[in-house]
Amino acid sequence: MRHRIAHHPARGFTLIESLIACAVAALLAGVALPSMQGQRLRAGRLDAVAALTRVQAAQEQHRSQLGLYATSLPALGLINPHSPQGLYAVSVQVTGPDSYTATATARGRQAQDSGCATLTLDVNKGFPSEGPNARCWQR
């Protein structure tokens, strides 16, 4: 009795095919990761913009009620010295009778945002000036 041995085509992936797929995935991840981190840092800046905008609104309300800008965040009713998501430390400094500077300084991973780690809002006679540059304030 002779048994016929059927020849079935191989199923699955070979080691070479698997290694090529892993190499392509690693290459795509290597290209996408820096871009994703940059987007995360840019999105984090919105936290600073929100905090500084909140300080500006509180300062204008304080000035309309008392005739001068507040020298501290608690005087504005802002107890927490951090931005809403906690990515920035917020401070305020009166720089003249009709001017102040509000500053948001990046904390933690957000501090890697080179060029925009510190955002400032200089207000003189009610007119704001955003710093360090307009790119950092893109909304």
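Just so you know, these numbers come straight off a predicted model, no measurement behind them.

S.K.: I'd like a description of the overall build of the protein, backed by residues and values.
M.R.: Along the protein, the regular secondary structure elements total one helix and four strands. The helix and strand sequence of the protein, counted from the amino end, reads α-β-β-β-β. Taking all 139 residues of the protein together, 29% fall into the buried category. Put simply, 43% of the contacts in the protein that link residues at least 6 apart link residues at least 24 apart. Summed over its atoms, the accessible surface of the protein is roughly 9,400 Å², and 60% of this surface lies on carbon and sulfur atoms.

S.K.: So what's going on with the pattern of salt bridges? Residues and values would help.
M.R.: Within this structure, the stated rule accounts for two salt bridges. Close ionic contact of Arg-45 with Asp-113 constitutes a salt bridge, the shortest N to O distance being 2.7 Å. Pair noted here: Arg-45 is in helix H1 (residues 15-66) and Asp-113 is in the loop between strand S2 (99-106) and strand S3 (118-124), with a separation of 68 residues, a long-range link. Owing to a relative accessible area of 4%, Asp-113 belongs among the buried residues under this scheme.

S.K.: Explain the state of the cysteines residue by residue, including any values.
M.R.: For the structure shown, the criterion picks out one disulfide. The disulfide bridge from Cys-116 ends at Cys-136, spanning 1.8 Å between sulfur atoms. Of note, the bridge from Cys-116 to Cys-136 carries an S-S torsion of about -80° and is left-handed in sense. Here Cys-116 is found in the loop between S2 and S3, whereas its partner Cys-136 is found in the segment after strand S4 (127-131), with 20 residues between them in sequence. Assigned by exposure class, Cys-116 and Cys-136 land together as buried.

S.K.: Before we move on, can you summarise the nonpolar core with the specific residues and values?
M.R.: When a protein is soluble and globular, its nonpolar side chains tend to lie buried together. Residues Leu-52, Val-55, Leu-73, Leu-76, Tyr-88, Leu-119 and Trp-137 are the most contacted members of the largest nonpolar core, which totals 25 residues. Of all the elements in the fold, those that place two or more residues in this core are H1, strand S1 (88-96), S2 and S3.

S.K.: Pulling in residues and values, what's your account of the sheet that holds S2?
M.R.: Within the open sheet, the four strands sit side by side as S1-S2-S3-S4. Their pairing is antiparallel. Each edge of the open sheet is held by one strand with a lone partner, namely S1 and S4. Taking each pair of neighbouring strands and ignoring which way they run, the sheet shows an average axis angle of 15°. Inspection of the sheet shows S3 paired to S4 by five bridges, in the antiparallel sense. Looking at the pairing, Thr-120 lines up with Gly-131 of S4.

S.K.: Explain the confidence of the model for the protein residue by residue, including any values.
M.R.: Detailed reading of predicted coordinates is not advised where the pLDDT is low. Scored by pLDDT, the protein has a mean of 85; 88% of the residues are at 70 or more. Within the protein, the element-level pLDDT minimum falls on H1, averaging 84, and the maximum on S2, averaging 94.

S.K.: Go over the environment of Leu-119 with me, naming the residues and quoting the values.
M.R.: By the element assignment, Leu-119 lies in strand S3. Taking the C-alpha atoms as reference points, Leu-119 and Ala-48, 71 residues apart in sequence, are found 7.1 Å from one another. Aside from chain neighbours lying at most four places away, what touches Leu-119 is Ala-48, Val-49, Leu-52, Tyr-88, Ala-102, Thr-103, Ala-104, Gly-131, Pro-132, Cys-136 and Trp-137.

The rules behind the values
- Starting from 1, residues in each chain are numbered consecutively following that chain's sequence as written.
- Local features in a predicted model are, by the rule used here, given only for residues with pLDDT of at least 70; side-chain atom pairs are given and counted only at 80 or more, and totals for whole chains, interfaces and linings are based on all residues.
- Values shown for side chains rest on all heavy atoms present in the structure; no hydrogens or waters enter the calculation.
- In this description a helix means any DSSP run of H or I spanning at least four residues, a strand means any run of E spanning at least two, and both kinds are numbered starting from the N terminus.
- Summary of the burial criterion: residues with accessible area below 20% of their type's maximum are buried, those above 50% are exposed, and those between are partly exposed, where the area comes from a 1.4 Å probe applied to protein chains only.
- When checking whether two residues touch, look at their non-hydrogen atoms; a contact exists if any pair is within 4.5 Å.
- A 1.4 Å probe and the Shrake-Rupley method give the accessible areas. Residues count as covered only by the protein chains that appear here.
- For salt bridges, the criterion is a side-chain nitrogen of Lys or Arg within 4 Å of an Asp or Glu carboxyl oxygen.
- Here, a disulfide means two cysteine sulfur atoms that sit within 2.5 Å of each other.
- Each nonpolar core is a collection of buried residues, namely Ala, Val, Leu, Ile, Met, Phe, Trp, Tyr and Cys, held together in the definition by side-chain atoms within 4.5 Å.
- For two strands to be treated as a pair, DSSP must find no fewer than two bridges joining them.
- In this description, a line fitted to the C-alpha atoms serves as the axis of each element, helices being fitted only across the stretch in contact, and the angle between N-to-C directions of two axes falls anywhere from 0 to 180 degrees.
- On a scale of 0 to 100, pLDDT captures the predictor's confidence in every residue.

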